[in-house]
Amino acid sequence: MKFRSYLFSLLALVLALTLSLAIGSVFLSPLELWAALTGHGTQTSAAILWSIRLPRTALIALTGMALSGSGAAYQGLFRNPLADPFLIGVASGAGLGAVIAMSVKWPYTFWGLMAIPMSAFVAALLTVLIVYSLARVGKTVPTTNLILAGVAFSSFATSLTSFLMLRSTGEVRRALGWLLGGASQSGWTAILAIAPYLFIGLGILIFSGHAMNLLQFGDDQAQQLGLNVTRAKTILLIASSLATAAAVAFSGIIGFVGLIVPHIMRLWWGADYRRLIPLSIISGATALLISDIIARVVLAPQEIPVGIVTALAGAPFFLWVLRRAKNQGYW
Amino acid sequence: MLRKIFILTLFAALLVGCAPASISTPTTVPVSTVASTIEVPTVAPTPITLTDGLGRQVKLDAPAQRVVSLAPSNTEILFAIGAGGQVVGRDEFSDFPEQAKGLASVGGSMGQYSTESIVALKPDLVLAAEINTPELVKQLEDLGLKVYYLKNPKTIEEMYGNLEIVGQLTGHDVTDLVSSLKARVAAVDEKIATVTEKPAVFYEIDATDASKPYTYGPNTFGDLLITRAGGTNIGGSLKDPYPQISLEQIVTSNPSIIILGDSLYGATPDAVKARAGWASIEAVKNGNIFPFDDNLVSRPGPRLVDGLEQLAKLFHPELFK
């Protein structure tokens, strides 16, 4: 069972990776693809494969990993099936940061182009920090306080974002594209920039499965079982927020993946967090890659923001899985 | 154990994934096939170096022969200066002139362009505009493409400058076109100079919410053309460039002319007359409600002059008999 779950998830990921390289708005036959991969293709097909599809595929896969991994962690941390990686403000903070940065005309330089993702990243982390300090009572951080503070602060940031977007009408299209999950930058720069945060964040989550299993008994029980609950919660929050903020900074806000992929994993393979986290990470990449393929081909050569596809295709799929689930009280 | 294997696989996969970062991708633009079939000029063409709207130096060895346009205004400029035959691709919204619709589209709705399709067209110049993001320019530049970012003009006169830039990039002389446009604008200016009464005009961009429709505010071509055509734009006194104006404000300003820039999206004079609260406006009482092609105002290309002429005719029909 254990082995089968990993095998199945990894096979699906490999399949999605292959499809993502093979399918795009420009048709490349398997022969041309092979030639381009081995360095014998035409200049055009080589440029499309190596400079467009490969970095995009990598960025999407990493984003999916971050969102779904931290989604699983948040659900465990808050013991709440509705938790997603954006619950305590990463998305609204990043959105606000991005829109503020968009209202300034940056010079056309490396750092000028990095202004939007950097501002989004910093604002996302600041939001989490503010929410965390607002929710703290003495030395403990009650879960309910975190969720309520997060929701309230998110609403505030979202309204501010909308207001700014209305004021600077020229940028609405750009901001909207970003908020619906459109990469603000592509190429290898983005991947190199977010990789360290993802490795640290997701690495911590992978090794926190045991702590999250304990947290499921409730804070008091977990404490009695030898877990430093407040410290565990803080570390998990930082790790998930770091990974999510980095991913969101370059890929925009992509909803739903972080909510449903962990649930599907839980329905299929059980609720043990030592397995649930890695499986969610692998399958998050798969799910987002498939959504991105759909986003590329459904109106080709037009593309639609991937955030629209994740919910449009993801919700029915999740409902189908939910209906078929034999294990009724799986949560 | 399995966990370790998984982590190792993850790291391995990512290392492999990152490897091509060090491989330098070809940055030379392939010499276009079109250029090579054209008769070889006796004198080698002089390179063209221009600074674009982002402050970038754009250097072409010869006039571009395969151009991809990323904005409707750019497409209109290219066709107007006689470079239509050199355009190989366009954005989703380029629908003028008619021939442009037959060109390959490279996307553009919600700001999403297909870089793959652009690369596959093998352009020797991508003509971007202010509706495109600097990030997109960077992306295309990194793919080894020549990109010129054409800034929006602020006045009709600056628009002539843009025609000259695109003429230089594509090897076309625009002197005749510019002087004929200048003559047409001068003719309008001359007639409007005699006008003493400038009617109040409400220009409607979108009235999905008829209690606060969108209109042109200051520093837009809508405002500029209305003023130059001898009207007074009631949105001109507002703050934002594309503000929502309250119906109360419209009623107070009492425009004698309403221009329906949203007629392309189904707004009609009859529908305006039927709107609650609009009946007291003078333009509604007199029936001075005119459907209008908003593209003549919103796209900063040579058709701005058409827009100017048509607005002047609507405002002062007695002068244009």
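(A) View of the overall build of chain B. The helix and strand tally for chain B stands at 13 helices and 11 strands. In chain B, which comprises 321 residues, the proportion classed as buried is 44%. Sequence-distant contacts in chain B: of pairs separated by 6 or more residues, those separated by 24 or more amount to 61%.

(B) Broad picture of the overall build of chain A. From N to C terminus, chain A includes 14 helices and zero strands. When the helices and strands of chain A are placed in sequence order, the string is α-α-α-α-α-α-α-α-α-α-α-α-α-α. Taking all 331 residues of chain A together, the buried fraction comes to 55%.

(C) Representation of the pairing of strand S8 (residues 200-204) of chain B. All names here are of chain B. Of all five residues making up S8, four are buried, and the element is well covered by its neighbours. For S8 and strand S9 (residues 232-233), the ladder comprises two bridges, and the chain directions are parallel. Bridging across to S9, Val201 finds its partner in Asn233. Between the parallel pair S8 and S9, the chain is carried across by helix H8 (residues 221-228), and the sense of this crossover is right-handed. Here S8 runs beside strand S10 (residues 257-260); their pairing, made up of four bridges, is parallel. The partner of Phe202 across the bridge, within S10, is Ile258.

(D) Quick look at the domain arrangement of chain B. Residues and elements named next belong to chain B. Split into domains, chain B comes out as domain 1 (43-175) and domain 2 (186-319). Placing a centre on the C-alpha atoms of domain 1 and another on those of domain 2 gives a separation of 31 Å. Secondary structure elements with two or more residues in the side of domain 1 that touches domain 2: helix H3 (72-80) and helix H6 (156-170). It is H3 that provides the largest number of residues to the side of domain 1 that touches domain 2, a total of five residues. Split by residue class, the side of domain 1 that touches domain 2 holds eight nonpolar, three polar and one charged.

(E) The sheet that holds strand S7 (residues 147-150) of chain B, seen in detail. All names here are of chain B. Ordered in space as S5-S4-S3-S6-S7, the five strands form an open sheet in which the pairing is parallel. Of all the strands in the sheet, just strand S5 (104-105) and S7 have a single pairing partner and so form its edges. Sheet analysis places strand S6 (residues 125-129) next to S7, joined by four bridges and oriented parallel. Opposite Val126, over in S7, you have Val147 as the bridge partner. Running over the sheet, H3 touches strand S3 (67-69), strand S4 (87-90), S6 and S7 and is turned about 135° from S3. Packing of helix H5 (residues 134-142) onto the sheet brings it into contact with S6 and S7, and relative to S7 it is tilted by some 160°.

(F) The arrangement of unusual backbone geometry in detail. Residue and element names in this part refer to chain B. Residue Pro97 is bonded to the preceding Phe96 through a cis peptide linkage, with omega at -10°. If you trace the backbone, Pro97 turns up in the loop between S4 and S5. Even without a glycine there, the phi angle at Asn254 is positive, about 50°. Looking at where Asn254 falls in the secondary structure, it is placed in the loop between helix H9 (247-253) and S10.

(G) Geometry of the nonpolar core. Core analysis: the biggest nonpolar cluster contains 187 residues, and Ala94 and Ala246 of chain A together with Ala128 of chain B have the highest contact counts within it. The element contributing the most residues to this core is helix H3 (residues 43-78) of chain A, with 18 residues. There are two domains that each give this core at least three residues, and those are domain 1 (43-175) and domain 2 (186-319) of chain B. Non-local contacts of Ala128 of chain B, meaning those with residues more than four positions away in its chain, are made with Leu70, Leu136, Val137, Val147, Tyr148, Tyr149 and Leu150 of chain B.

(H) Structural view of the sheet that holds strand S11 (residues 289-291) of chain B. Taken together, four strands build an open sheet; the order of strands is S9-S8-S10-S11 (chain B) and the sheet is parallel. The sheet is open, and its two edges are formed by S9 and S11 of chain B, each paired on a single side.

(I) Spotlight on the packing of H3 of chain A against helix H12 (residues 257-269) of chain A. Residues and elements named next belong to chain A. One can describe the packing of H3 onto H12 by two numbers: an axis separation of 7 Å at closest approach and a directional angle of 70°. Looking at the two axes, H3 sits roughly perpendicular to H12. The way H3 lies across H12 gives a crossing that is right-handed. Mapping the contact onto sequence places Gly64, Leu67, Ser68, Ser70, Gly71, Ala72 and Gln75 in H3 and Val257, Gly258, Leu259, Val261 and Pro262 in H12. Looking at the contact of H3 with H12 residue by residue, the classes come out as six nonpolar, six polar and no charged.

(J) H5 of chain B, seen in detail. Most of H5 of chain B is tucked away, with seven of its nine residues classed as buried. Burial in H5 of chain B covers these residues: Pro134, Glu135, Leu136, Val137, Lys138, Gln139 and Leu140 of chain B. As for H5 of chain B, its buried residues are in contact with helix H5 (110-135) of chain A together with helix H4 (115-120), S6 and S7 of chain B. Among the residues trailing H5 of chain B, Gly144 of chain B stands out with phi positive, at a value near 85°.

(K) Structural context of the packing of helix H1 (residues 2-22) of chain A against H3 of chain A. Residue and element names in this part refer to chain A. Across the interface, H1 lies against H3 with an axial gap of 9 Å and an inter-helix angle of 145°. Crossing angle aside, the handedness with which H1 passes H3 is right-handed. Facing Leu17, Ser20 and Leu21 of H1, the residues of H3 in contact are Leu49, Arg53, Leu54, Thr57 and Ala61. Taken together, the residues that form the contact of H1 with H3 break down as five nonpolar, two polar and one charged.

(L) Broad picture of H1 of chain A. All names here are of chain A. Taking 1.5 Å as the rise per residue, H1 with 21 residues should run 30 Å; its terminal C-alpha atoms sit 31 Å apart, in good agreement. Considered for burial, the residues of H1 that qualify are Ser5, Ser9, Leu13, Ala16, Leu17 and Ser20. With its buried residues spanning 100° around the axis, H1 presents them on a single face. Looking at H1, the residues exposed on the side facing more than 90 degrees away from the buried face are Phe3, Arg4, Leu7, Leu11 and Val14. Buried residues belonging to H1 abut H3, H12 and helix H13 (273-297).

(M) Broad picture of the environment of Val297 of chain B. Residue and element names in this part refer to chain B. Relative to the helices and strands, Val297 resides in helix H12 (residues 295-298). On the basis of neighbour counts, which here come to 27 C-beta atoms within 10 Å, the residue Val297 falls in the buried class. Beyond its immediate chain neighbours, meaning those up to four positions away, Val297 contacts Phe221, Gly222, Leu225, Gly261 and Gly307.

What counts and what doesn't
Residues numbered from 1 in each chain as written. Chains lettered and ligands numbered in written order. Predicted model: local features only at pLDDT ≥ 70, side-chain atom pairs only at ≥ 80, totals over all residues. Helix = DSSP H or I, 4+ residues; strand = E, 2+ residues; numbered from the N terminus. Buried ≥ 20, exposed ≤ 12 C-beta atoms within 10 Å, placed from the backbone. Contact = placed C-beta atoms within 7 Å. Pairing = 2+ DSSP bridges. Right-handed = clockwise from strand over helix to strand, strands pointing away. Domains from an automatic or database assignment. Nonpolar A, V, L, I, M, F, W, Y, C, P; charged D, E, K, R; others polar. Axes fitted to C-alpha atoms, helices over the stretch in contact; angles between N-to-C directions. Core = buried A, V, L, I, M, F, W, Y, C linked by C-beta atoms within 7 Å. Parallel < 35°, antiparallel > 145°, perpendicular 65-115°, else oblique. Left-handed = near helix turned anticlockwise from the far one by under 90°. Expected span 1.5 Å × (residues − 1). Arc of directions from axis to C-beta.

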